[in-house]
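Descriptive structure summary
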Amino acid sequence: MRELEYLRPDSAAAAVAAVADRPGARFLGGGTNLVDHLKLGVASPELLVDISRLPLTDVEAYDGPDGSWLRIGTNVRNSDLAAHPVVRSRFPAVARALLAGASGQLRNQATTGGNLLQRTRCVYFQDVTTPCNKRDPGSGCSALEGYGRYNAILGASPECVTTHPSDLAVALTAMDAVVVVLGPEGERRVPIEELYRLPGDRPELDTVLAPSDLVTAVELPSAAANEHATYTKVRDRASFAFALVSVAASLDLAGGVVQDVRLAWGGVAHKPWRARRAEAALRDRPFDEDALRAAIDEELADATTTDQTASKVPMVRNATTMTLLRLAEEAAR
Ligand SMILES: Cc1cc2nc3c(=O)[nH]c(=O)nc-3n(C[C@H](O)[C@H](O)[C@H](O)COP(=O)(O)OP(=O)(O)OC[C@H]3O[C@@H](n4cnc5c(N)ncnc54)[C@H](O)[C@@H]3O)c2cc1C
Ligand code: SF4
């Protein structure tokens, strides 16, 4: 048995200082991912800094100089966030993404920050008997020649071909969320699109955060488009399964012309994939199925597939088409 120190600090600043002081320390949220990794030997921290009891549990609206925002404390549990009336009415894609993830029991335990920073579900990452550059840099990538149905089709590198697992992160990426981070130098706000990384030659790094950076909150901007939004998840069974691909989308139409559209894909890359090319092809133009399919294909032009991932291209194409057509139909009612 390995010895492990456990600390429950009484403030966010004390938590950050505790992790900054010890290279082998990790934050502990709900523990639904990290505790599994302790058991599997995927993570072996010397110190666990439990932040789950810090009072970062509010969901509150506030007005900033650049409009109104919803601020979600990092310790808001996934179930509570999905059920929150403001989230359900003004950010329905976020509520749907949460409810599409994991199971009721896990959502009761999992936190907002922990969900965003959960690690990949690549089977080799979780199996310490196999090479994996993300777990053990320089050891190789077993997924290149092995089981690869969940692998990335966009933005992968020869070092790592895995995908990001969080449903919530995909919805937040489409909604232009901002992550509030407290580090040893103070607080900063990181747009979620800049939080996650592509693997490149450093696949061990999922995000731009340092180990002692604590996510304290997530902020969502109020926007008409975010209210006309939804989340579609394609998976092997209706619950308790990670996404093969997923789509978070919002659409604002006036007279059949696209005023605003936001599109993010899950299950296709090492990070939630904001489909900016497709958005640009659709914006300010009449909306119809042909234009939509052409825009999606533009985004997918750089997709790289194998025999195991080839089906992801039609999957993401069809899921995105279906999702946006449904949003357009709703807008027309
Ligand atoms: C069987 C199963 C099925 C699942 N299915 C899905 C699914 O379909 N979709 C989905 O999205 N998820 C799914 N999950 C993952 C689940 O949602 C995550 O395990 C959970 O969201 C992690 O949250 P947590 O609070 O328990 O994080 P923890 O396990 O406590 O932490 C996860 C990581 O984040 C770090 N961390 C935690 N909080 C912070 C913070 N505030 N600041 C900085 N770092 C922090 C920890 O150090 C750790 O590295 C599934 C999990 C299981 C076990
Ligand atoms: S795809 Fe990434 S996480 Fe999976 S084995 Fe390769 S390096 Fe490891």
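The present account deals with the structure reproduced in this document. (Residues numbered from 1 in each chain as written. Chains lettered and ligands numbered in written order. Predicted model: local features only at pLDDT ≥ 70, side-chain atom pairs only at ≥ 80, totals over all residues. Heavy atoms only, no water.)

The subject of this paragraph is the pairing of strand β7 (residues 186–191). Where strand β6 (residues 178–183) lies against β7, 6 bridges are found, and the strand directions are antiparallel. The residue of β7 that forms the bridge with Leu-182 is Glu-187. (Pairing = 2+ DSSP bridges. Helix = DSSP H or I, 4+ residues; strand = E, 2+ residues; numbered from the N terminus.)

What follows concerns the site of ligand 1. The environment of ligand 1 is made up of 33 residues, and the closest members are Phe-27, Gly-31, Thr-32, Thr-111 and Asp-167. Thr-74 is positioned such that a nitrogen or oxygen atom in its side chain is 3.2 Å from a nitrogen atom of ligand 1. Asp-167 has a polar side-chain atom sitting 2.7 Å from a nitrogen atom of ligand 1. For the shell around ligand 1, the secondary structure elements donating two or more residues are β2 (25–28), α7 (112–116) and β8 (214–221). Here the shell around ligand 1 is composed, by residue class, of 14 nonpolar, 14 polar and 5 charged. (Near = heavy atom within 4 Å. Polar contact = N/O pair within 3.5 Å; in protein donor to acceptor, adjacent residues only side chain to side chain. Nonpolar A, V, L, I, M, F, W, Y, C, P; charged D, E, K, R; others polar.)

What follows covers the pattern of salt bridges. Using the criterion set out here, one finds 22 salt bridges in the structure. Salt-bridge contacts for Arg-149 lead to Asp-236; the nearest nitrogen and oxygen are separated by 2.8 Å. Of the two residues, Arg-149 is situated in the loop between α7 and α8 (167–174) and Asp-236 in the loop between β9 (229–234) and β10 (245–254); the sequence distance between them amounts to 87 residues. Between Arg-202 and Glu-204 there is a salt bridge, and its shortest N-O distance comes to 2.5 Å. Sharing partners across several salt bridges, the network here consists of Asp-176, Glu-193, Asp-260, Arg-262, Arg-274, Arg-276, Glu-279 and Arg-283. (Salt bridge = Lys/Arg side-chain N within 4 Å of Asp/Glu carboxyl O.)

To continue, consider empty space enclosed by the protein. If a probe as big as a water molecule is rolled over the atoms, it shows which places are left empty. The final tally for this structure, using the stated rule, is 2 cavities of 30 Å³ or more. In this model, the largest cavity occupies a volume close to 90 Å³. If you go around the largest cavity, you meet 16 residues; those closest to its centre are Cys-122, Cys-132, Cys-141, Cys-160 and Thr-162. The residue makeup of the lining of the largest cavity, split by class, is 9 nonpolar, 5 polar and 2 charged. Looking at the second largest cavity, its volume works out to about 50 Å³. Every residue lining the second largest cavity is listed: Arg-119, Thr-120, Lys-134, Thr-162, Thr-163, His-164, Pro-165, Asp-206 and His-270. When its residues are assigned to classes, the lining of the second largest cavity shows 1 nonpolar, 5 polar and 3 charged. (1 Å grid on protein atoms, 1.4 Å probe; cavity = no way out; pocket = protein on both sides within 12 Å on 5 of 7 lines; lining within 4 Å. Points joined across faces, edges and corners; volume = space filled by probe spheres on them.)

Glancing now at helix α5 (residues 92–99). For α5, the tally of buried residues reaches 6 of 8 residues, placing the bulk of the element in the interior. Buried within α5 are the following residues: Pro-92, Ala-93, Val-94, Ala-95, Ala-97 and Leu-98. (Buried < 20%, exposed > 50% of the residue type's maximum accessible area, 1.4 Å probe, protein only.)

Taken together, the neighbourhood of ligand 2 is formed by 13 residues, with Cys-122, Cys-132, Cys-141, Cys-160 and Val-161 sitting nearest. Judged by the proximity of its atoms to the pocket grid, ligand 2 belongs to the largest cavity. Class assignment of the residues belonging to the shell around ligand 2 gives a composition of 8 nonpolar, 3 polar and 2 charged. (Sits in = over half its atoms within 2 Å of the grid points.)

To continue, consider the packing of helix α12 (residues 289–299) against helix α13 (residues 312–332). Put simply, α12 and α13 touch, their axes get as near as 10 Å, and they point 140° apart. As judged from the angle between their axes, α12 and α13 are oblique. Note that α12 runs across α13; the crossing there is right-handed. The residues of α13 that touch α12, namely those facing Glu-289, Leu-292, Arg-293, Ile-296 and Asp-297, are Arg-317, Asn-318, Thr-320, Thr-321, Leu-324 and Leu-325. Taken together, the residues that form the contact of α12 with α13 break down as 4 nonpolar, 3 polar and 4 charged. (Axes fitted to C-alpha atoms, helices over the stretch in contact; angles between N-to-C directions. Parallel < 35°, antiparallel > 145°, perpendicular 65-115°, else oblique. Left-handed = near helix turned anticlockwise from the far one by under 90°. Contact = heavy atoms within 4.5 Å.)

Another point: the sheet that holds strand β3 (residues 47–50). Strand order across the open sheet formed by 3 strands is β1-β3-β2, with parallel pairing between neighbours. The open sheet has two free edges, formed respectively by β1 (5–7) and β2, since each of these has just one partner strand. Between one strand axis and the next, the sheet turns through 25° on average, direction left out of account. Sheet topology note: the β1/β3 ladder contains 3 bridges and is parallel. Following the sheet pairing, Leu-7 is matched in β3 by Val-49. Relative to the sheet, helix α1 (residues 12–21) contacts β1, β2 and β3, its axis offset from that of β2 by approximately 150°.

So, on to the side chain of Thr-130. On the secondary structure map, Thr-130 appears in the loop between α7 and α8. Judged by relative accessible area, which is 17%, Thr-130 ranks as buried.

Ranked by internal contacts, the top residues of the largest apolar core, which has 36 residues, are Val-94, Leu-116, Leu-172 and Leu-220. For this core, the elements supplying multiple residues, two or more each, are β5 (67–73), α3 (78–83), α5, α8, β6, α9 (192–195), β8 and β9. Here this core gets 6 residues from one element, more than from any other, and that element is α8. When neighbours within four sequence positions are excluded, Leu-172 is seen to be in contact with Val-94, Leu-116, Ala-177, Ile-192, Val-218 and Leu-220. Membership of the second largest hydrophobic core comes to 28 residues, among which are Trp-265, Val-268, Ala-269 and Leu-300. (Core = buried A, V, L, I, M, F, W, Y, C linked by side-chain atoms within 4.5 Å.)

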